[in-house]
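Commentary on secondary and tertiary structure
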Amino acid sequence: MATKRIITVFGATGNQGGAVVKHFLNDPKLNSAWAVRGVTRDVSKESAKKLASQGAEVVSADLNDKSSLIKAIAGSDTVFAVTNYWEKLDMKLEEQQGRNIADAAKEVGVKHLIWSSLLDIAKLTNGKLARLYHFDSKAHVEEYVRSLGIPATFFMPGFYMSNVPGGMMSKRGENWVFSLPIAPTSPIPLYDTNDTGKYVKAIVENKEALLGKRFLAATEYLSAQGVVDTFKTVFPEAGKTAAYYETAKDDFYSFMKGTGMPDFAVDEMYENMVLMQDFGYFGGAPLDESHAFVKEPLTTWADFIRKSPAFAGLK
């Protein structure tokens, strides 16, 4: 029997990494060819133990400790790497963590690094939007990975569908309201994190075609108004009074600061919205090229809201 190749997955108990682990363990074709190694900080937590019980090798590593990363990925054919800016709200820290992963991958001789990246928005907008730190930090790591000559593909996640139900779209009185500080025509590249494994499967199965490329991960572009229109279609009774509301900038800032978010992060969230309206989340790039590699159906916004706990019981 041929030895399985190892795919090492960072953030194995998180949204993106967890979906990759689940897909590689549960897809018969992938499971026959790949052994899954999940990396987490604490192997004793319940989510890590659950992964181990499902057949993954679970190892501990610290993104701030390069030697622990080298041990974690030793022997890996492929690495899926993701970092979490929002945990510490520290751009420089996230960049260093990404560089540490890249250095470890280079030293170990990983054959394929799949880096969860985003565009350099300061560069894309010629400095007009210069505070999208969670985009630019990942883009800087991508640039570093390219400079090292590591065989890599750059996974570009879209706008999380999970951000919308119960948060950006919630019930106000008797009405369901979706509110953002951008025009209703603004295109949103909707991405279900649960689909991440489908995308990564496509990337590993089309490695040669995708080396050095960016892979855009979103099911569809839907306008802000389109998000509400789909809600109306799926839930015709609840949708009778559903509406999109373009929040004034000052109101957006007041609300976000009221949550305790630091001022620089509120600026960042606002620029994230303006990006979609004025420049495009992916700089206006179409999704077709990436979709051509994906063989499994992706989750639509309609699919997602049917299963969303925030919309449970709606008709």
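Just above sits the structure.
Residues numbered from 1 in each chain as written. Predicted model: local features only at pLDDT ≥ 70, side-chain atom pairs only at ≥ 80, totals over all residues. Heavy atoms only, no water.

1. Overview of the packing of helix 12 (residues 249–258) against helix 13 (residues 263–278)
Just so we agree on the cut-off: Each axis is a line fitted through C-alpha atoms, taken for helices only over the stretch in contact, and angles between the N-to-C directions span 0 to 180 degrees. Secondary structure follows DSSP: runs of H or I at least 4 residues long count as helices, runs of E at least 2 residues long count as strands, and numbering of each begins at the N terminus. Here roughly perpendicular refers to angles of 65 to 115 degrees, roughly parallel to angles under 35, roughly antiparallel to angles over 145, and oblique to all remaining angles. Note: crossing handedness is left-handed where the near helix turns anticlockwise from the far helix by less than a right angle, and right-handed where it turns clockwise. The criterion used for residue contact is that any of the two residues' heavy atoms lie within 4.5 Å. Gly is put with the polar residues, along with every residue not named as nonpolar or charged; the nonpolar set is Ala, Val, Leu, Ile, Met, Phe, Trp, Tyr, Cys and Pro, and the charged set is Asp, Glu, Lys and Arg.
The contact between helix 12 and helix 13 brings their axes to 10 Å, and the two run at 135 degrees. The angle between the axes of helix 12 and helix 13 places the two elements in the oblique class. You can see that helix 12 and helix 13 cross each other, and the crossing is right-handed. For the pair formed by helix 12 and helix 13, the contact residues are Lys249, Phe252, Tyr253, Met256 and Lys257 on the first element and Asp263, Val266, Asp267, Met269 and Tyr270 on the second. Considered class by class, the residues forming the contact of helix 12 with helix 13 number 6 nonpolar, no polar and 4 charged.

2. Thoughts on the sheet that holds strand 9 (residues 175–180)
The condition is simple: For two strands to count as paired, DSSP must find a minimum of two bridges between them.
What the 3 strands build is an open sheet, ordered 8-9-13; its pairing is mixed. Sheet topology places strand 8 (169–172) and strand 13 (243–246) at the edges, where each strand pairs with a single neighbour. Strand-to-strand twist in this sheet, taken as the mean axis angle between neighbours without regard to direction, amounts to 40 degrees. Taken together, the 4 bridges between strand 8 and strand 9 define a ladder with antiparallel strand orientation. By the bridge assignment, methionine 169 is partnered in strand 9 with phenylalanine 178.

3. Things to note about the sheet that holds strand 6 (residues 152–157)
Here we have 7 strands laid out as an open sheet, ordered 3-2-1-4-5-6-11, and parallel in their pairing. Each of the sheet's edge strands pairs with one partner strand only, and the pair in question is strand 3 (57–60) and strand 11 (214–217). If you compare each strand with its neighbour and ignore which way they point, the axes differ by 20 degrees on average. With 4 bridges connecting them, strand 5 (residues 112–116) and strand 6 associate as parallel partners. Paired with serine 116 across the two strands is phenylalanine 155, which belongs to strand 6.

4. A few points about the environment of valine 141
Take valine 141: it is sitting in helix 8 (residues 133–148). When sequence neighbours within four positions are dropped, the list of residues in contact with valine 141 reads Glu94, Glu95, Gly98, Arg99 and Trp115.

5. Here's the deal with the pattern of salt bridges
Put simply, the rule is: Any carboxyl oxygen of Asp or Glu that lies within 4 Å of a side-chain nitrogen of Lys or Arg is treated as forming a salt bridge with it. Residue exposure (1.4 Å probe, protein chains only): buried if accessible area is under 20% of the type maximum, exposed if over 50%, otherwise partly exposed.
All chains considered together, the criterion is met by 16 salt bridges. Across the pair glutamate 87 and arginine 41 runs a salt bridge, and its minimum N-O distance is 2.8 Å. Linking glutamate 87 in helix 5 (residues 85–88) with arginine 41 in the loop between strand 2 (34–40) and helix 3 (46–53), this pair joins segments that are 46 residues apart in sequence. Residue class for arginine 41 comes out exposed when judged on its relative accessible area of 58%. Several salt bridges share partner residues, and in doing so they unite Asp27, Lys201 and Glu296 into one network.

6. Details of empty space enclosed by the protein
In plain terms, the rule: Buried and open spaces are told apart on a 1 Å grid over the protein atoms alone, a cavity being a set of points where a 1.4 Å probe fits but cannot get out and a pocket being an open set with protein on both sides within 12 Å along at least five of seven lines. Residues with an atom within 4 Å of a point are the lining residues. Grid points are joined across faces, edges and corners, and a volume is the space filled by probe spheres set on the points.
Within the structure shown, the criterion is met by 1 cavity of 30 Å³ or more. Taken as a whole, the largest cavity spans an internal volume of roughly 40 Å³. Around the largest cavity sit Asn84, Tyr85, Glu87, Lys88, Asp90, Leu93, Glu94 and Gln97, which together line it. Among the elements of the structure, helix 5 and helix 6 (91–108) are those that each provide at least two residues to the lining of the largest cavity. Of the residues that constitute the lining of the largest cavity, the class distribution is 2 nonpolar, 2 polar and 4 charged.

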